[in-house]
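The residues making up each chain are set out below.
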Amino acid sequence: MRIGLFIPCFMNELYPEASMATLKVLENLGLHVEYPTNQTCCGQPMANTGCAHEAGELAKRFLKIFKDYDYVVAPSGSCVAMVRENYAQFLEGEDGFEHLKTHTYELVEFLHDVIKPTNMNASFPHKVGIHNSCHGHRELGMASMSERNLPAFSKIEKILGLVDNIEFVTLKRNDECCGFGGTFCVSEDAMSAAMGIDRINDHLSAGAEVMTGIDMSCLMHMQGIIDRDKLPIKTLHIAQILAGES
Amino acid sequence: MGHPELAEKFIANNERMHWHDKALWFVREKRDLAAHGLNEWESLREVAKQIKTHTIDKLDFYLEEFEKNAKEKGLHVHWAKDAKEHNEIVLKLLLNRGSKKLVKSKSMLTEECHLNPYLEENGIEVIDTDLGERIVQLRNEAPSHIVLPAIHLKKEEVGKTFEKFLKTEKDNCDPTYLTRAARVHLREKFLNADASLTGVNFGIAETGGVVVCTNEGNADLGSSLPKLHIASMGIEKIIPRLKDLSIFTRLLARSATGQPITSYTSHFHAPVEGGELHIIIVDNGRSDIIANDDFKQSLHCIRCGACINTCPVYRRSGGHSYGYTIPGPIGSTLGASKDLRTNKTLPFACTLCASCSNVCPSKINIHNQLYKHRQSVVSAGLLGAKKHTILKVATWVMKHPALLDFGGKMARKIVPKLPRSILYSKVNVWGKKRELPKFPKNSFKELYKQREEKK
Ligand code: SF4
């Protein structure tokens, strides 16, 4: 099985630990992973701002780089949602697109749906709040949504539950948006920050020591607020917990 | 001012913003309880969607069937292509009967057509009889929500408004006391009215009648006393058969307020004795929306307000921050369809969290529409040159990995050395309320390459 690793552009530049942890999680499970070094950005920031032309160019580039892998795995729900939900507008009918679309997975989703591990060989003795970032949650279906009347489940909780000594807290609003929203975080910066603070406070009052999630972008936004306001909580990408780091 | 600026103002009052957020979240939670209490909830939504899709696809047929059946029942049917025609028809009908005092029940369509000011200019007294709408009417404000028009006001503010206009006791803001005062005030208006206007929740093609849902019974009282009843209906309100109605009434009340059914679901299939019932069917831009596959689902809306209550942005910015008749997610897509230039910030007043599309009883793809409208904003050249250029440059860099690597490397070297005053200067919008991430020594790619070399 040839797995191509996609690391979101900003994670590559700013979060080498979380990126490396992603690689480690996969390799610890005995998987062979390649990281094509000419990769950059999936085009999501452009697409979410309405710049279809630019997003399309990057989508084509992404397809070229990743189309020959059996699976593409990325530590980001929103980049994967971009490929799966929004690439069709630019790539429908292109050679290899159907395969790419159906074989690109977010890390936890890949573990849950494809690899199905029974043990992670990791321990994390902390109280953890799960941030269900929206694109993973509602586009990829990582967990049941509070809006819908469907059986409850959470792929994230199931995979994280394989980590020893981890304890989950119960939030008041389990799947409310943190307000990152891509370029929204600067075009509506006051709103974005207000939403972020509310989210962090929910985790704080639930007694969480660590907020984790599958999207570094949401966590980066909230960590920025935590650092500014000196709040007694920290964020950690889920891959770092799964890799046994703390 | 666009949404970002108006939202920022609303947020500046932190206490009030949280009060507003909690009030609407409370409604959302009530809706959740009601929706999760029905095993068939998701299939009801699916059926609703199918009925709407089918009806909108054959709208010309059903509208004509509706007209034919309504006329057979002795109702009058009028067609208005836009707001202007609608308002003129209403005025003409009032003048024909010499009516001077109109009582109105809730109708977002007449808000959309700006009917009240038009009639007032022409010497008609218009009284909104829905309690929330009456409150905002007295204050000369627009409704801030389609189901809860005065949700932006605290009871103290309502007390002050009533003190001024209804001469209630000074500083008495007891809700029961104020509601009773409004009731006395509105009773008198009802009794003196010589015409009534209602909105329409559903027009049934098969029967030629219309259905109006309210919780206060004001539509019933208003339309039963005067001899002239005008019902304004958007073309998308049609459903094919009477038996389709229950699908929607079950979804509507639960989605709107968490009630199993609205207190009054009134069927109008004939005028009152010796009176006239006129139905005005209004297009006002709707057929243009039908013609666009990306946005036509927005006409499936039954105006329950659930997408508004669930929207984390609406809850923290209030209805007036949208500057369009209908606020929140559905208003943002309808507003952008109607007038992109004026409403160009609305598709961006959204994080694309998709809660709206999943709460919507008609399963409208609201967030996808907002995503698509952003592309319309860009193609119309309305994004703003600065933003567009930044993204164009970023895209160019992203097509040149070596350049990106170099830029990243320099940034990681330089940024940590910059003094705070430069790093957090005015241009750093991110940094207004947030710290920047700590820049690492190496990128992942550098570490990966080092690792590969060692192998
Ligand atoms: S779009 Fe859907 S959720 Fe929003 S008001 Fe209309 S029917 Fe209700």
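Note that this is a predicted model, so its numbers are computed, not measured. (Residues numbered from 1 in each chain as written. Chains lettered and ligands numbered in written order. Predicted model: local features only at pLDDT ≥ 70, side-chain atom pairs only at ≥ 80, totals over all residues. Heavy atoms only, no water.)

## Digging into the overall build of chain A
Note the following rule: Secondary structure elements follow DSSP: runs of H or I no shorter than four residues count as helices, runs of E no shorter than two count as strands, and numbering proceeds from the N terminus. Here the globule rule reads 2.2 Å times residues to the power 0.38, and the radius of gyration is calculated from C-alpha atoms. We call a residue buried when its accessible area falls under 20% of the maximum for its residue type, exposed when it is over 50%, and partly exposed in between, using a 1.4 Å probe and counting protein chains only. The criterion used for residue contact is that any of the two residues' heavy atoms lie within 4.5 Å. Computed with the Shrake-Rupley method and a 1.4 Å probe, the accessible areas treat only the protein chains shown as cover for residues. Lys and Arg are tallied as positive, Asp and Glu as negative. Neither His nor the chain termini are counted. The location of each charge is read from NZ of Lys, CZ of Arg, CG of Asp or CD of Glu.
When helices and strands are tallied, chain A shows 14 helices and eight strands. Over its C-alpha atoms chain A spans a radius of gyration of 17 Å, differing by no more than 12% from the 18 Å that the globule rule assigns to 246 residues. Viewed in the frame of its principal axes, chain A has a C-alpha envelope of about 50 × 40 × 40 Å. When burial is assessed residue by residue, chain A has 65% of its 246 residues classed as buried. Looking at chain A alone, contacts between residues at least 24 apart form 76% of all its contacts between residues at least 6 apart. As displayed, chain A has an accessible area near 8,300 Å², and 49% of this comes from carbon and sulfur atoms. Of the side-chain charges in chain A, 20 are positive and 32 negative, and the distance between the mean point of each set is 2 Å.

## Section: the pattern of salt bridges
Stated precisely, the cut-off is as follows: Think of a salt bridge as a Lys or Arg side-chain nitrogen and an Asp or Glu carboxyl oxygen that are within 4 Å of each other.
Within the structure shown, the criterion is met by 52 salt bridges over all chains. When the shortest N-O distance is used, the salt bridge between Arg250(B) and Glu40(B) registers 2.8 Å. Of this pair, Arg250(B) sits in helix 12 (residues 245-257) while Glu40(B) sits in the loop between helix 2 (14-36) and helix 3 (41-57), and the two are 210 residues apart along the sequence. Its relative accessible area of 31% is what places Glu40(B) among the partly exposed residues. One network of salt bridges, in which partners are shared, links Arg138(A), Glu147(A), Asp175(A), Arg28(B), Arg31(B) and Asp32(B).

## Observations regarding the domain arrangement of chain B
The criterion, for reference: For every domain, the bounds stem from an assignment made automatically or drawn from a database.
If you check the domain split of chain B, you get domain 1 (60-284) and domain 2 (385-454). Taken over C-alpha atoms, the centre of domain 1 of chain B sits 56 Å from the centre of domain 2 of chain B.

## A closer look at the sheet that holds strand 3 (residues 71-74) of chain A
All names here are of chain A. Our working definition: We treat two strands as partners when DSSP finds at least two bridges between them. The axes used here are C-alpha line fits, helices contributing only the stretch in contact, and every angle between their N-to-C directions lies in the interval 0 to 180 degrees.
Strand order in the open sheet formed by four strands is 2-1-3-4, and the pairing between neighbours is parallel. The open sheet terminates on both sides in strands that have one partner only, identified here as strand 2 (33-34) and strand 4 (104-106). Of the strand pairs in this sheet, strand 3 and strand 4 are connected by three bridges, and their pairing is parallel. Directly across from Ala 74, in strand 4, lies its bridge partner Glu 106. Against the sheet, helix 8 (residues 107-115) engages strand 1 (3-5), strand 3 and strand 4, with an angle of about 105° to strand 4.

## Some thoughts on the side chain of Glu188(A)
Formally: Under this definition, polar contacts are N or O atom pairs within 3.5 Å; protein pairs additionally need one hydrogen-donor-capable and one acceptor-capable atom, and for neighbouring residues in sequence, both atoms have to be side-chain atoms.
The residue Glu188(A) is located in the loop between helix 11 (184-187) and helix 12 (189-205) in this model. No salt bridge is formed by the buried Glu188(A), whose closest oppositely charged neighbour, Arg374(B), lies at an N-O distance of 8.5 Å. A distance of 2.6 Å separates polar atoms of two side chains, one belonging to Glu188(A) and the other to His3(B). If we ignore the near neighbours within four places in the chain, the residues touching Glu188(A) are His3(B), Pro4(B), Ala7(B), Phe348(B) and Ala349(B).

## Focus: the confidence of the model for chain B
Stated precisely, the cut-off is as follows: pLDDT is defined as a per-residue confidence score from the predictor, taking values between 0 and 100.
Per-residue pLDDT for chain B has a mean of 96; in total, 100% of the residues score no lower than 70. Among the scores for the predicted complex, ipTM is 0.97 and pTM is 0.97.

## Overview of the interface of chain B and chain A
Note the threshold: Buried area: the sum, over both parts, of the accessible surface (1.4 Å probe) that disappears when the two are put together.
In this complex, chain B contributes 76 residues to the contact, which on the side of chain A involves 70 residues. Summed over both sides, the interface between chain B and chain A buries roughly 6,400 Å², with carbon and sulfur atoms accounting for 58% of that surface. At the surface where chain B touches chain A, the tally comes to 12 salt bridges. Two residues, Arg451(B) and Glu27(A), come together in a salt bridge whose shortest N-O distance is 2.9 Å. At the boundary of chain B and chain A, one finds 39 residue pairs in polar contact (both at pLDDT 80 or more). With 10 residues, helix 2 of chain B is the single largest residue contributor to the side of chain B that touches chain A.

## Brief notes about the packing of aromatic side chains
Rule in force here: What counts as a ring pair is set by centres within 6.5 Å for rings of Phe, Tyr and Trp (its six-membered ring), and what kind of pair is set by the plane angle: stacked under 30 degrees, edge-to-face over 60, tilted for all other angles. Sitting over a ring, as applied to charges here, requires NZ of Lys or CZ of Arg to be within 6 Å of the ring centre and within 35 degrees of the ring normal.
Under the definition given, this model contains 15 aromatic pairs over all chains. Through a chain of ring-to-ring contacts, three or more aromatic side chains come together here, namely Phe6(A), Phe62(A), Phe66(A), Tyr69(A) and Tyr87(A). Sitting over the face of the ring of Tyr105(A), Arg84(A) holds its NZ or CZ atom 5.6 Å from the ring centroid. Above the ring of Trp19(B), the side-chain terminus of Lys154(B) is found at 5.0 Å from the ring centroid.

## Quick notes on the site of the ligand
All names here are of chain B. Basically, it comes down to this: It suffices for a single heavy atom of a residue to lie within 4 Å of a molecule or strand for the residue to be listed as near it. Only protein atoms enter the 1 Å grid used here, on which a cavity is any set of points holding a 1.4 Å probe that cannot leave and a pocket is any open set flanked by protein within 12 Å on both sides along at least five of seven lines; residues with an atom within 4 Å of a point are listed as lining. A molecule is counted as occupying a cavity or pocket when more than half of its atoms fall within 2 Å of that pocket's grid points. Only Asp, Glu, Lys and Arg are considered charged, only Ala, Val, Leu, Ile, Met, Phe, Trp, Tyr, Cys and Pro nonpolar, and every remaining residue, Gly among them, polar.
Near the ligand you find Cys 301, Ile 302, Arg 303, Cys 304, Gly 305, Ala 306, Cys 307, Ile 330, Cys 360, Pro 361, Ile 364 and Ile 366, and these make up its full shell. Here the ligand is seated within the second largest cavity. A breakdown of the residues in the shell around the ligand according to their chemical character gives 10 nonpolar, one polar and one charged.

## A closer look at empty space enclosed by the protein
Residues and elements named next belong to chain B. Which entries qualify depends on this criterion: Grid points are joined across faces, edges and corners, and a volume is the space filled by probe spheres set on the points.
Taken as a whole and judged by the stated rule, the model has five cavities of 30 Å³ or more. In this structure, the largest cavity encloses a volume near 120 Å³. Elements with a minimum of two residues in the lining of the largest cavity: helix 15 (312-317), helix 16 (328-338) and helix 17 (355-359). Ranked by the residues each element gives to the lining of the largest cavity, the list is headed by helix 16, at three residues. Grouping the constituent residues of the lining of the largest cavity by class yields 12 nonpolar, five polar and no charged. What the second largest cavity holds in volume is close to 90 Å³. Lining the second largest cavity are 15 residues, with Cys 301, Cys 304, Cys 307, Cys 360 and Ile 364 positioned closest to its centre. Taken together, the residues that form the lining of the second largest cavity break down as 11 nonpolar, three polar and one charged.

## Re the sheet that holds strand 2 (residues 101-104) of chain B
Residues and elements named next belong to chain B. Taken in spatial order, the six strands line up as 1-10-7-4-2-3 in an open sheet, and their pairing is parallel. Two strands in the sheet have a free side with no partner beyond their single neighbour: strand 1 (76-80) and strand 3 (125-128). Across the sheet, the mean angle separating the axes of adjacent strands is 20° when strand polarity is ignored. For strand 1 and strand 10 (residues 276-282), the ladder comprises five bridges, and the chain directions are parallel.

## Structural notes on helix 9 (residues 155-165) of chain B
All names here are of chain B. Among the residues of helix 9, Val 158, Gly 159, Thr 161, Phe 162 and Glu 163 are the ones counted as buried. Contact partners of the buried residues in helix 9: helix 8 (131-138) and helix 10 (175-192). Following helix 9 by one or two positions, Lys 167 has its phi on the positive side, about 55°.

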